[in-house]
Amino acid sequence: MSDLSDVIRILPTMKSGGELLSALEVLPEYDAAICDADAPVRLMALSDLYRVYVPNQMSLEIYSKLYLALMRSLQKKGTKLAVQQKNQNFKAIMQQEYSGIMGGSDSFTIIGASGIGKSSAISRAITLITENRIIDVEQPYTKIIPCICVQCPFDSSVKGLLLEILRKVDEVIGGNYYPNALRARTTTDMLIGSVSQVALNHIGLLVVDEIQNVCNSKNGKSLVGMLTQLINNSGISICMVGTPESAVFFEQAMQLARRSLGLWYDVMEYGEDFRTFCEVLYSYQYVKQRTEITDVVMAWLYEHTSGNISVVVSLIHDAQEIAILNGREVLNLESLNEAYQQRLSMLHGFIQPRQKCQTSKTKRKTTVPKVDAHVESDGEFTIAGLVSQAKTEGVDIVELLKNHLPVVEVAV
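This is a predicted model, so every value here is computed, not measured. (Residues numbered from 1 in each chain as written. Predicted model: local features only at pLDDT ≥ 70, side-chain atom pairs only at ≥ 80, totals over all residues. Heavy atoms only, no water.)

## What about the side chain of Thr-305?
- Position of Thr-305 among the secondary structure elements: in the loop between helix H13 (295-303) and helix H14 (309-325).
- Classification of Thr-305 as buried rests on a relative accessible area of 1%.
- If sequence neighbours within four positions are ignored, Thr-305 has contacts with Phe-274, Val-311, Val-312, Leu-315 and Ile-351. (Helix = DSSP H or I, 4+ residues; strand = E, 2+ residues; numbered from the N terminus. Buried < 20%, exposed > 50% of the residue type's maximum accessible area, 1.4 Å probe, protein only. Contact = heavy atoms within 4.5 Å.)

## Concerning helix H5 (residues 118-130)
- When the terminal C-alpha atoms of H5 are compared, their 18 Å separation across 13 residues agrees well with the 18 Å that a helix rising 1.5 Å per residue should span.
- At its buried positions, H5 is contacted by helix H1 (17-24), helix H3 (57-76), strand E2 (107-112), strand E4 (142-151), strand E5 (203-209) and strand E6 (237-242).
- The positive-phi residue at the C-terminal boundary of H5 is Glu-131, with phi of around 55 degrees. (Expected span 1.5 Å × (residues − 1).)

## Re the packing of aromatic side chains
- Inspection of the entire model under this criterion finds seven aromatic pairs.
- Considering the side-chain rings of Tyr-30 and Tyr-286, the 5.5 Å spacing of their centres and the 90 degrees angle between planes classify their relative orientation as edge-to-face. Of the two residues, Tyr-30 is situated in the loop between H1 and helix H2 (39-45) and Tyr-286 in the loop between helix H12 (272-282) and H13; the sequence distance between them amounts to 256 residues.
- Residue Tyr-30 is classed as partly exposed on the basis of its relative accessible area, which comes to 24%.
- Since its relative accessible area comes to 2%, Tyr-286 is described here as buried. (Phe/Tyr/Trp six-rings, centres within 6.5 Å; stacked < 30°, edge-to-face > 60°.)

## Observations regarding the side chain of Thr-243
- Summarising the element assignment, Thr-243 is placed in the loop between E6 and helix H10 (245-250).
- Using a relative accessible area of 14% as the deciding quantity, one classes Thr-243 as buried.
- Look past the residues within four positions of Thr-243 in its chain and what remains in contact with it is Ile-111, Gly-112, Ser-114 and Gln-212.

## What to know about helix H16 (residues 383-393)
- Listed as buried for H16 are Gly-385, Leu-386, Gln-389 and Ala-390. Along the axis of H16, the buried positions cluster into a sector of 135 degrees, meaning they face one direction only. H16 presents Ala-384, Lys-391 and Thr-392 as exposed residues on the side facing more than 90 degrees away from its buried surface.
- Just downstream of H16 lies Gly-394, where phi reads positive at about 65 degrees. (Arc of directions from axis to C-beta.)

Listed below in structure tokens is the structure:
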């Protein structure tokens, strides 16, 4: 128990530099002797690859952003303004009178390509910041959840998101907010007042994942407007996480853009961070013949994953799985290429390798009649000239056109 005025001191000390990198890192225990175990045992242990987390610059920035946002949110709780806002929220529920006293624009975004590790970085940062603890306050008595993570509904339903927030709060502190809201059949307007009151009392930071769902829904702007009202009526910080397509939505209007300032990330560049990540993953080998990663393998991995972290993990995992199942028992370029062709075929359209081996057979060339000199002069030609030549020599005009232009034949 502690007083609400000292609640900020309950948070762990903010880390930085090498200490932060070490705290964020997750390296599952690995015993090289497992390579001699039976295939089923090794295949089960192979899933540890998905637990590996190697922090980078993105991880450090997300940690700092979330920590400071949580601090700002907690500083508002227990103040005179917070008490006044509670009274206003009660009026909002009972009398439909809305007035945001807390105010503020404590919302920001974390935008990045799918699979670069945004959610993993947020999860690691939250675990480190909150240490998975609930803050118990004695004066006045309440329980504060440092961070709650919810997912934006696929249809951007405002009521659906509000009810999910209440359900998450009940799940952590054992309350009855969610069943009471369902039983009372509250309207969306009343629900906003209820959730604002709950957030003011029990929530420090709210993370809304998959925010790109607002882009293709008619309810998108309504949901973002609801989040804005929630900030004004509760004073909590809200973090919206999504893919780059959500940035196009927020750029439509000033009131949306100012709510979405934050962090932006792309796939990893081919540099020291990518090399370190590949070296760590390659050390977790469960095949019988152990190999060391080379510059050639690293370059191949980057070319066939475009620097997407989740694809790198899946590729190395599936390559070892295939090597164990077919008895090759070695993690090399052959196993990696086999995994790329068999397991990642659905991603080929989203990955642009700089070099790819030609796998299709060379098409047999068709002899094309030579073009007369009067048809082509100084590198130029005319359709009329080609038609005249086709009639004179009795050849197919399509073959002549293919000699000069890209032609696609369509069956009718």
